[in-house]
Amino acid sequence: MPQYKLIYFNLRARAELIRLLFEVAGVQYDDIRVEHSRWPDIKKDTPFGQLPVLEVDGVKLCQSLTIARYVANKYGLAGKTELEKARADMIVDCIDDVSREIVKLFTEKDESKKNEMKEKLEKETLPAHFQKFEELLKQNHNGDGYFVGDAITWADISFANGISWICLLGFDNPIAPLPKLSALVKKVENHPKIEAWIKKRPTTMM
């Protein structure tokens, strides 16, 4: 089995999906959490000056979704057919789009504009996006299973992780009015390996 080293800051953020995939796969890896004070020294040794980085037998991969996709494919969490894999990728990329909209809020310096952005996110952007996710979920077994196929994939794990992250940032649960998505997130969080990881993972600010 390959030797894995996952290098990131002591945050969930861009590395948590990768950690969750390793946990569900039951694969051992080194979860290396870098102090911000050490980052300048480490940065020069990363492929593009960014984290997370996954070392696979010494070969370095960057880009969080590339790493997550690699792990999902290697350990049977990407979907069973090419079409399932494409739909799972679509879900993950759409979740990432939502995350990027939220990140814009936290990089805005003008407090007045930031308040306007947050209001729009909560009243317009997030409800519209998650209604679309609910509709996508219903296209597979009427929404009573997973986003694709008959088993959990990285799409489901990514979605549940995204909701957890949004709530951690202080937003109200955006899927509370959406019963199918709410049931999916509960199912994912009740997965024995995910439930065990949530209980033991370090408490972080984001």
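Here, the structure is the one placed above.
Heads up: these notes are all about the structure in this document. The written sequence of each chain sets the order in which its residues are numbered from 1. pLDDT decides what is reported in this predicted model: residues at 70 or higher carry local features, side-chain atom pairs at 80 or more are listed and counted, and totals for whole chains, interfaces and linings draw on all residues regardless. By convention in this description, side-chain values take in all heavy atoms of the structure and omit both hydrogens and water.

### What to know about empty space enclosed by the protein
- A cavity, in this analysis, means grid points on a 1 Å lattice covering only the protein atoms where a 1.4 Å probe fits yet has no way out; a pocket is instead an open set bounded by protein on both sides within 12 Å along at least five of seven lines, and a residue lines either one if it has an atom within 4 Å of a point. Grid points are joined across faces, edges and corners, and a volume is the space filled by probe spheres set on the points. Summed over the entire model, instances satisfying the criterion amount to one cavity of 30 Å³ or more.
- Looking at the largest cavity, its volume works out to about 70 Å³.
- Taken together, Ile95, Val98, Ser99, Ile102, Phe130, Phe133, Phe159, Gly162, Ile163, Trp165 and Ile166 form the lining of the largest cavity.
- Residue classes in the lining of the largest cavity are distributed as nine nonpolar, two polar and no charged. Note on residue categories: nonpolar means Ala, Val, Leu, Ile, Met, Phe, Trp, Tyr, Cys or Pro, charged means Asp, Glu, Lys or Arg, and polar means any other residue, Gly included.

### Topic: the sheet that holds strand E2 (residues 30–34)
- Here, any two strands with at least 2 DSSP bridges between them count as paired. The helix and strand labels rest on DSSP assignments: H or I over at least four residues marks a helix, E over at least two residues marks a strand, and numbering proceeds from the N terminus. Overall, mixed pairing links the four strands, which are arranged E2-E1-E3-E4 in an open sheet. Because the sheet does not close on itself, it has two edges, and the strands there are E2 and strand E4 (59–62). Strand-to-strand twist in this sheet, taken as the mean axis angle between neighbours without regard to direction, amounts to 20°.
- For strand E3 (residues 53–56) and E4, the ladder comprises four bridges, and the chain directions are antiparallel. Paired with Glu55 across the two strands is Lys60, which belongs to E4.
- Any two residues whose heavy atoms approach within 4.5 Å at even a single point are treated as in contact. Working convention: axes come from line fits to C-alpha atoms, limited for helices to the stretch in contact. Angles between N-to-C directions cover 0 to 180 degrees. Seen against the sheet, helix H1 (residues 16–25) touches strand E1 (4–9), E2 and E3 and runs at an angle of roughly 150° to E1.

### A short note on the layout of surface pockets
- Space inside the largest pocket adds up to approximately 580 Å³.
- Lining the largest pocket are 25 residues, and of these Ala13, Arg14, Ser99, Val103 and Trp165 sit closest to its centre.
- At the level of secondary structure, the elements contributing two or more residues to the lining of the largest pocket comprise E1, H1, helix H3 (64–74), helix H4 (82–107) and helix H6 (154–168).
- Among the elements that make up the lining of the largest pocket, the one with the highest residue count is H4 (eight residues).

### Structural notes on the environment of Gln63
- Inspection of the secondary structure puts Gln63 in the loop between E4 and H3.
- For Gln63, a relative accessible area of 43% translates into the label partly exposed.
- Taking the C-alpha atoms as reference points, Gln63 and Pro52, 11 residues apart in sequence, are found 6.8 Å from one another.
- Setting aside anything within four residues of it in sequence, one finds Gln63 in contact with Gln50 and Pro52.
- In protein, a polar contact means a hydrogen-donor-capable atom and an acceptor-capable atom, both N or O and within 3.5 Å, with residues adjacent in sequence counting only if both atoms are side-chain atoms; elsewhere, any N or O pair within 3.5 Å suffices. In terms of polar contacts, Gln63 uses its side chain to reach the side chain of Gln50, at 2.8 Å. Only protein chains enter the accessibility calculation, which uses a 1.4 Å probe; a residue is then buried when its area is under 20% of its type maximum, exposed when over 50%, and partly exposed in between.

### Comments concerning the packing of H1 against H3
- Packing of H1 against H3 brings their axes to within 9 Å, and their N-to-C directions diverge by 10°. In this view, H1 runs roughly parallel relative to H3, as classed from their interaxial angle. For the pair H1 and H3, the contacting residues are Leu17, Ile18, Leu21 and Phe22 in the first and Ser64, Leu65, Ile67, Ala68, Val71 and Ala72 in the second.
- Residue classes in the contact of H1 with H3 are distributed as nine nonpolar, one polar and no charged. Angle categories are assigned with fixed cut-offs, so that under 35 degrees is roughly parallel, over 145 is roughly antiparallel, 65 to 115 is roughly perpendicular, and the rest are oblique.

### Points about the nonpolar core
- Only buried residues count toward a nonpolar core. Its members are Ala, Val, Leu, Ile, Met, Phe, Trp, Tyr and Cys residues joined through side-chain atoms within 4.5 Å. Grouped together as the largest cluster of nonpolar side chains are 65 residues, with contacts concentrated most on Leu21, Ile102, Phe130, Phe133, Phe147, Phe159 and Leu181.
- At eight residues, H6 tops the list of elements feeding residues into this core.
- Leave out the neighbours within four places in its chain, and Ile102 touches Leu121, Leu126, Trp165, Ile166, Leu169 and Phe171.

### Some points on the environment of Gln28
- Here Gln28 lies in the loop between H1 and E2.
- Sequence separation of Gln28 and Pro2 is 26 residues, and the distance between their C-alpha atoms is 9.4 Å.

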